[in-house]
Amino acid sequence: MTAELLEIVMVHSPTEGRDPVDDGRLWTAEQARDVTRGFLLVAAPEGGSGAESVLLVVSELVTNALRHANGVTELRLEVGLGAVTVAVHDASMAPPQPVTWDAGEPGGFGWPLVQDLSDDVQVHVHMAGKAVMAVVPCPTAVLAQG
């Protein structure tokens, strides 16, 4: 398997109507996790804790886009040698901001969690919003070429 053969992309406009839920668009972190689980069955069948890390990163990035950026405009998962790249796009140009964690308030730990679980995290702001990309170490089914 090569990286260019296994990629999943889901795209929608954040202003599109929200019915029905089963139209292939992502409206919840749970849906994003379900899509990711299916992807990982092929991309990283022996992924173990690496696959769990990918699921956590997807969940946190999608939740952040839903809470702070009016929704996900694209979810892209790509498999590489020993890693899965997660890219979550939204329509906000505001980059993620760390929040001081408060035990009495919900939230504040997702962004640091994404950074801790990933080898590389990048935010690319563009005219239509931004893309947050995280490269998560995970044993994959991609074989080294050589």
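Quick note: structure is the one above.
Only a predicted model underlies this, so the values are computations on that prediction, with no experimental measurement involved.

Peer 1: Explanation requested: the packing of helix α1 (residues 29-43) against helix α2 (residues 48-68) in the structure shown.
Peer 2: Each pair of packed helices can be described by the angle between their axes along with the distance between the axes. Taken N-terminus to C-terminus, the directions of α1 and α2 make an angle of 150 degrees; their axes are 9 Å apart at the nearest point. Judged on the interaxial angle alone, α2 and α1 are roughly antiparallel. In terms of crossing hand, the pair formed by α1 and α2 is right-handed. Touching Ala 29, Ala 32, Arg 33, Thr 36, Arg 37 and Leu 40 of α1 are Ala 51, Val 54, Leu 55, Val 58, Ser 59, Val 62, Thr 63 and Leu 66, all from α2. Each residue belonging to the contact of α1 with α2 can be placed in one class, and the counts come to nine nonpolar, three polar and two charged.

Peer 1: Looking at this structure, how should I read the layout of surface pockets?
Peer 2: Gaps left between atoms are located by rolling a probe of water-molecule size over the structure's atoms. Estimates place the volume of the largest pocket at around 520 Å³. For the largest pocket, the lining is made up of 26 residues, of which Asn 64, His 68, Pro 96, Gln 97 and Trp 111 are closest to its centre. Counting residues per element, the ones that place at least two in the lining of the largest pocket are α2, β3 (83-90), α3 (110-117) and β5 (129-137). With eight residues, the top contributor of residues to the lining of the largest pocket is α2. Here the residues of the lining of the largest pocket are counted per class, giving 13 nonpolar, nine polar and four charged.

Peer 1: In this structure, what is going on with the side chain of Glu 74? I would like to understand it.
Peer 2: Tracing the backbone through its elements, the reader meets Glu 74 in strand β2 (residues 72-80). Among the polar contacts listed, one links the side chain of Glu 74 to the side chain of Arg 76, at a separation of 3.1 Å.

Peer 1: Would you mind showing me how to read unusual backbone geometry here?
Peer 2: With the exception of glycine, most residues fall at negative phi, and the peptide bonds are largely trans. Unusually for a residue other than glycine, Asn 70 sits at a positive phi of about 65 degrees. If you trace the backbone, Asn 70 turns up in the loop between α2 and β2.

Peer 1: I tried to follow the packing of α2 against α3 on my own but got confused; where do I start?
Peer 2: For the pair α2 and α3, the least separation of the axes is 9 Å and the interaxial angle reads 145 degrees. With respect to the hand of their crossing, α2 and α3 are arranged in left-handed fashion. Of the residues in α3, those in contact with Ser 53, Leu 56, Val 57, Glu 60, Leu 61 and Asn 64 of α2 are Gly 110, Trp 111, Leu 113, Val 114 and Leu 117. A per-class count over the contact of α2 with α3 returns seven nonpolar, three polar and one charged.

Peer 1: Got a minute to help me understand α2 in this structure?
Peer 2: Turn by turn, an α-helix covers 3.6 residues, leaving residues three or four places apart pointing in a common direction. The terminal C-alpha atoms of α2, which comprises 21 residues, lie 30 Å apart, in line with the 30 Å expected from a rise of 1.5 Å per residue. Where α2 terminates, the next one or two residues include Asn 70, which has phi positive at roughly 65 degrees.

Peer 1: Help me understand the pattern of salt bridges in this model?
Peer 2: It is possible for side chains bearing opposite charge to pair when their charged atoms get close. This structure, assessed with the given rule, holds three salt bridges. Residue Asp 34 is joined to Arg 37 by a salt bridge in which the shortest nitrogen-to-oxygen separation is 2.9 Å. Separated by three residues within a single helix, Asp 34 and Arg 37 lie in helix α1, roughly one turn from each other. Take Asp 34: its relative accessible area is 45%, and that puts it in the partly exposed class. Given a relative accessible area of 40%, Arg 37 falls into the partly exposed group. As a salt-bridge pair, Asp 90 and Lys 130 come within 2.9 Å of each other at their nearest N and O atoms. Placement of Asp 90 in strand β3 and of Lys 130 in strand β5 is noted, with a sequence separation of 40 residues between them.

Thresholds, definitions, all that
- Residues numbered from 1 in each chain as written.
- Predicted model: local features only at pLDDT ≥ 70, side-chain atom pairs only at ≥ 80, totals over all residues.
- Heavy atoms only, no water.
- Axes fitted to C-alpha atoms, helices over the stretch in contact; angles between N-to-C directions.
- Helix = DSSP H or I, 4+ residues; strand = E, 2+ residues; numbered from the N terminus.
- Parallel < 35°, antiparallel > 145°, perpendicular 65-115°, else oblique.
- Left-handed = near helix turned anticlockwise from the far one by under 90°.
- Contact = heavy atoms within 4.5 Å.
- Nonpolar A, V, L, I, M, F, W, Y, C, P; charged D, E, K, R; others polar.
- 1 Å grid on protein atoms, 1.4 Å probe; cavity = no way out; pocket = protein on both sides within 12 Å on 5 of 7 lines; lining within 4 Å.
- Points joined across faces, edges and corners; volume = space filled by probe spheres on them.
- Polar contact = N/O pair within 3.5 Å; in protein donor to acceptor, adjacent residues only side chain to side chain.
- Expected span 1.5 Å × (residues − 1).
- Salt bridge = Lys/Arg side-chain N within 4 Å of Asp/Glu carboxyl O.
- Buried < 20%, exposed > 50% of the residue type's maximum accessible area, 1.4 Å probe, protein only.

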